[in-house]
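If you want the building blocks of each chain, they are given just below.
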Amino acid sequence: MIMAYNFDVYLEFVPTLYSRTSPSGYYEWEDAIINYYMIGELPLNQLANLAKHSFSLSVSLWLRRLQLKHGDDYCTSWYEMKEILR
């Protein structure tokens, strides 16, 4: 069974990730995302999707260019996404 998640309810507590976000701001963003996994609200396989909903337009476009260059399955896991964003 595939569950549909309404990420809007989570985004109230997740800061937007901008291309010029400071390192400390990035880690606050990352902690806000991982918190939903830790408290059992979201499964691990949905963290990358939640993260994508919290991106600014510039970060979304940058990630989309990477996906076009490397393939559609690029950056689909939370761990892969963190490595690329860091």
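Above this text you will find the structure in question.
What you are looking at is a predicted structure, and each value in this text was computed from that prediction instead of being measured.

(A) Representation of the overall build of the chain in the model. In terms of helices and strands, the chain carries five helices and zero strands. Taken from the N to the C terminus, the helices and strands of the chain come in the order α-α-α-α-α. Against the 2.2 N^0.38 benchmark of 12 Å for 86 residues, the chain shows a C-alpha radius of gyration of 13 Å, consistent with a compact globule. For the chain, the C-alpha atoms occupy an extent of roughly 35 × 35 × 20 Å along the three principal directions. Across the 86 residues that make up the chain, the buried fraction comes to 34%. Put simply, of all contacts in the chain between residues at least 6 apart along the chain, 59% involve residues at least 24 apart. By element, 53% of the accessible surface of the chain is carried by carbon and sulfur atoms, the whole surface being about 5,800 Å². With 7 positive and 10 negative side-chain charges, the chain shows a separation of 11 Å between the mean positions of the two kinds.

(B) The environment of Thr-76, seen in detail. As for its position among the elements, Thr-76 is in the loop between α4 (57-70) and α5 (78-85). Note on Thr-76: relative accessible area 42%, which makes it partly exposed. Sequence separation of Thr-76 and Asn-45 is 31 residues, and the distance between their C-alpha atoms is 8.6 Å. In this view, Thr-76 contacts Ala-48 and Lys-52; residues no more than four positions away in its chain are not counted.

(C) Representation of the pattern of salt bridges. All told, the structure shown has one salt bridge when counted by the stated rule. Measuring nitrogen to oxygen at the nearest pair gives 2.6 Å for the salt bridge that ties Arg-86 to Glu-30. Placement of the pair is Arg-86 in the segment after α5 and Glu-30 in helix α2 (residues 23-38), with a sequence separation of 56 residues. Owing to a relative accessible area of 56%, Arg-86 belongs among the exposed residues under this scheme.

(D) Spatial organisation of the packing of aromatic side chains. Taken as a whole and judged by the stated rule, the model has six aromatic pairs. Joined through ring pairs, the aromatic side chains of Tyr-26, Tyr-27, Trp-29, Phe-55 and Trp-78 make up one cluster.

(E) A look at the side chain of Gln-46. Following the sequence through the fold, Gln-46 ends up in the loop between α2 and α3 (47-53). Exposure remark for Gln-46: the relative accessible area of 14% places this residue in the buried category. A distance of 3.1 Å separates polar atoms of two side chains, one belonging to Gln-46 and the other to Asn-49. Setting aside chain neighbours within four positions, we find Gln-46 in contact with Tyr-5 and Phe-7.

Here is what the cut-offs are and how they apply
Residues numbered from 1 in each chain as written. Predicted model: local features only at pLDDT ≥ 70, side-chain atom pairs only at ≥ 80, totals over all residues. Heavy atoms only, no water. Helix = DSSP H or I, 4+ residues; strand = E, 2+ residues; numbered from the N terminus. Rg over C-alpha atoms; globule rule 2.2 N^0.38 Å. Buried < 20%, exposed > 50% of the residue type's maximum accessible area, 1.4 Å probe, protein only. Contact = heavy atoms within 4.5 Å. Areas by Shrake-Rupley, 256 points an atom, 1.4 Å probe, with all protein chains shown as cover. Lys, Arg positive; Asp, Glu negative; His and termini not counted. Charge placed at Lys NZ, Arg CZ, Asp CG, Glu CD. Salt bridge = Lys/Arg side-chain N within 4 Å of Asp/Glu carboxyl O. Phe/Tyr/Trp six-rings, centres within 6.5 Å; stacked < 30°, edge-to-face > 60°. Polar contact = N/O pair within 3.5 Å; in protein donor to acceptor, adjacent residues only side chain to side chain.

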